[in-house]
Structures are given as structure tokens and as C-alpha cells.
Amino acid sequence: MKAADAVAELTRDFTAAGFDSARLDARILVGQVLGLEPSLLFARGDSVIPPADLAKLRAFAQRHLAHEPVSRILGTREFYGLPFKVTPDTLDPRPDTETLVDAVLELRGTIEAPRILDLGTGTGCIPLAILRHWPDATATGIDIAPGAVAAAAENARTLGLDGRAQFQVGDWTAGLAGPYDIVVSNPPYIADGEYAGLAAEVRLYDPRAALTAGPDGLAAYRALLAPVARLLGPNGQVFLEIGAGQGDAVAILGAAAGFRLLARRRDLAGIERCLHFGV
Ligand SMILES: C[S@@+](CC[C@H](N)C(=O)[O-])C[C@H]1O[C@@H](n2cnc3c(N)ncnc32)[C@H](O)[C@@H]1O
């Protein structure tokens, strides 16, 4: 089968399954088996897919039709322009979370050699994206899932940032001494009762511990904020990702932990996504 025909066939199947990005997904998967950038497929549509690769492509297509995201099939996700390995132990990083990285990077020039702490680090995407753009920063990433910590450490090595980033297993701030200049976190924030209604791509493939946080989705913020206040240096700042509509509730929790709310930031879809607190 030729590459162009395979793209057409998969696009049809994915469209019939109701996937929004059917053609792009098809091109990525065909590109993957041929070892080609999806953008090169237009010029190489006549390339013949060898039988072994065709079997692999059909297996990929079946997985995708079972709602497995393309990033999980490939084992990698681009975040802030960098490639991150994703595993069954990690959340698949979301573009919304780039809002948090943008907000932190606005502090460049105001703090020298900042010590950064990321709570619930997953793939390590947040601190590693920050370190890539802030050359004298160092970071510690914490996650309760040992598999996530291993993936984050591997991502740091792959990106050549392991000299400035360390990752360790931990329950939020337990055992940490600080002080840190910047604390970031994209904690779980979905209410338990919303879990069953999540899209299959999320519910079946992201680890549940990365998603849900008690009956109102705020349990992680309640657990984090007061201990974080004790770990911050004199001009310490905190950046929290929040779910849609959680801004006011998290602002109140922050104030109760002694923080000043400095800014509220929206993501590209216009949804309030990040709260920025100072001491
Ligand atoms: C929403 S995911 C965010 C992952 C990553 N920071 C990102 O933005 O893609 C939340 C992360 O918090 C971790 N987590 C959940 N409970 C935790 C706890 N008690 N202590 C540390 N990490 C925890 C989960 O394992 C998961 O990796």
C-alpha cells in the first residue's frame, strides 16, 4: 500500500469514529512507520509501506480507534517545543499547562539562579521547559509515582538538563527542606464525581492519581498550600494550574495559607488556568 492511500484509509476510519484531528493523526501514524516527518508525506505519498510496517500501522490504528491518544502510541508528546517521553505512569502533558511555564518565565531577570520546586511533576515537562529557557535556574521535581519520577529523569537526560534538574519520589512536600524561590504545580484537580464522565482518551490512558482530587477537586490545593508557604524563601512565588472555574476557590485557599494573590492568567482558550501567589 502507498503512503497516500494509507493516510486516506486511516483518515476515513478516524473520521467515522468521530475524531476531530483524523487526518493529522493518520499522517502522524503513517509517518511514524515510515520514519518520515508527517509534513514530508505530501511529497512522498508514493512511498510503498512494506508489509511488516503495514501490520504495525494497522495495529497503531486499532489502538487509536480504541481511543488511545497518538502521543501514547508514539510514547512521546511535544510540550513547549520539546519532546517528552510519556509512559502509563505519567499524565500526557497538555498545551494548557504551557500557560504556567509562560507565567514563570516572565520572572526572568528578576531572580538570579532561582531554585524551583515542581510538585506532581509527571514527565517533568514544567520544570524542564523552564530550565531550557532559564539557563541559571535549577529545579527539583516531586511525584508520588515512582514510574513518573523515572520518566522525568530520563526526559532530563534526553534534553541535556540533568545537570540542573533532579527528580525524587515524594508525597507533595514531605521531607523537603527548601528554601525555594519558585514553586510550581499542576496538581490533580478533577472532582471524583466527574471522573466517569471524562473522555475515554483521558479516563482510559491517564493515571487516575494524576487526575482526581477528592469530592470537589480541591484536595491537592488544600494539602499543598500551607506546607509550600513554609518552604519558600523571602520573595518566594507560587504558580498553580487550576481547572475551569476553580480560580476563586483556590484564591481563598491561598489567602488562608498566607499568600498574596499577584495575578490570574488565562490559557489560549480564554479559560482561567493559572494563579500566581507571592508571600
Ligand atoms: C495533573 S498531573 C501533572 C503532571 C505534570 N506536572 C504535567 O503538568 O503534565 C498531577 C501529578 O501529581 C502527582 N501526584 C498526585 N498525588 C501526589 C502526591 N500526593 N504527591 C506528589 N505527587 C502527586 C501525580 O502522580 C501526577 O503526576
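Residues numbered from 1 in each chain as written. Predicted model: local features only at pLDDT ≥ 70, side-chain atom pairs only at ≥ 80, totals over all residues.

A. Representation of the overall build of the chain. Across its full length, the chain carries 10 helices and 9 strands. Rg of the C-alpha trace for the chain: 20 Å, near the compact-globule value of 19 Å for 279 residues, within the 12% margin. Counting only C-alpha atoms and orienting by the principal axes, one finds that the chain spans roughly 65 × 40 × 30 Å. Buried positions account for 39% of the 279 residues belonging to the chain. Taking the intrachain contacts of the chain between residues at least 6 apart in sequence as the baseline, contacts between residues at least 24 apart amount to 65%. (Helix = DSSP H or I, 4+ residues; strand = E, 2+ residues; numbered from the N terminus. Rg over C-alpha atoms; globule rule 2.2 N^0.38 Å. Buried ≥ 20, exposed ≤ 12 C-beta atoms within 10 Å, placed from the backbone. Contact = placed C-beta atoms within 7 Å.)

B. Spatial organisation of the domain arrangement of the chain. Domains assigned within the chain are domain 1 (3–66) and domain 2 (80–278). Taking only C-alpha atoms, the centre of domain 1 and the centre of domain 2 are 34 Å apart. (Domains from an automatic or database assignment.)

C. Geometry of the sheet that holds strand 9 (residues 272–278). A sheet is described by the order of its strands in space; here 7 strands give the open sequence 5-4-3-6-7-9-8, paired in mixed fashion. The sheet is open, and its two borders are formed by strand 5 (165–169) and strand 8 (260–266), each paired with just one other strand. Taking each pair of neighbouring strands and ignoring which way they run, the sheet shows an average axis angle of 15 degrees. Examined bridge by bridge, strand 3 (residues 115–119) and strand 6 (residues 180–185) share 4 bridges and lie parallel to one another. The partner of L117 across the bridge, within strand 6, is V183. (Pairing = 2+ DSSP bridges. Axes fitted to C-alpha atoms, helices over the stretch in contact; angles between N-to-C directions.)

D. Expanded view of unusual backbone geometry. Following G178, the chain continues into P179 via a peptide bond in cis, with omega recorded as -5 degrees. Residues other than glycine seldom take positive phi values, yet Y80 does so here, at roughly 50 degrees. The backbone of W172 shows a phi angle near 45 degrees, a positive value even though the residue is not glycine. Within the secondary structure layout, W172 lies in the loop between strand 5 and strand 6. Its 18 C-beta neighbours within 10 Å are what place W172 among the partly exposed residues.

E. A look at the environment of E37. With respect to the helices, strands and loops of the structure, E37 is situated in the loop between helix 2 (22–34) and helix 3 (51–65). Distance in space between the C-alpha atoms of E37 and L105 is 30 Å, their sequence separation being 68 residues.

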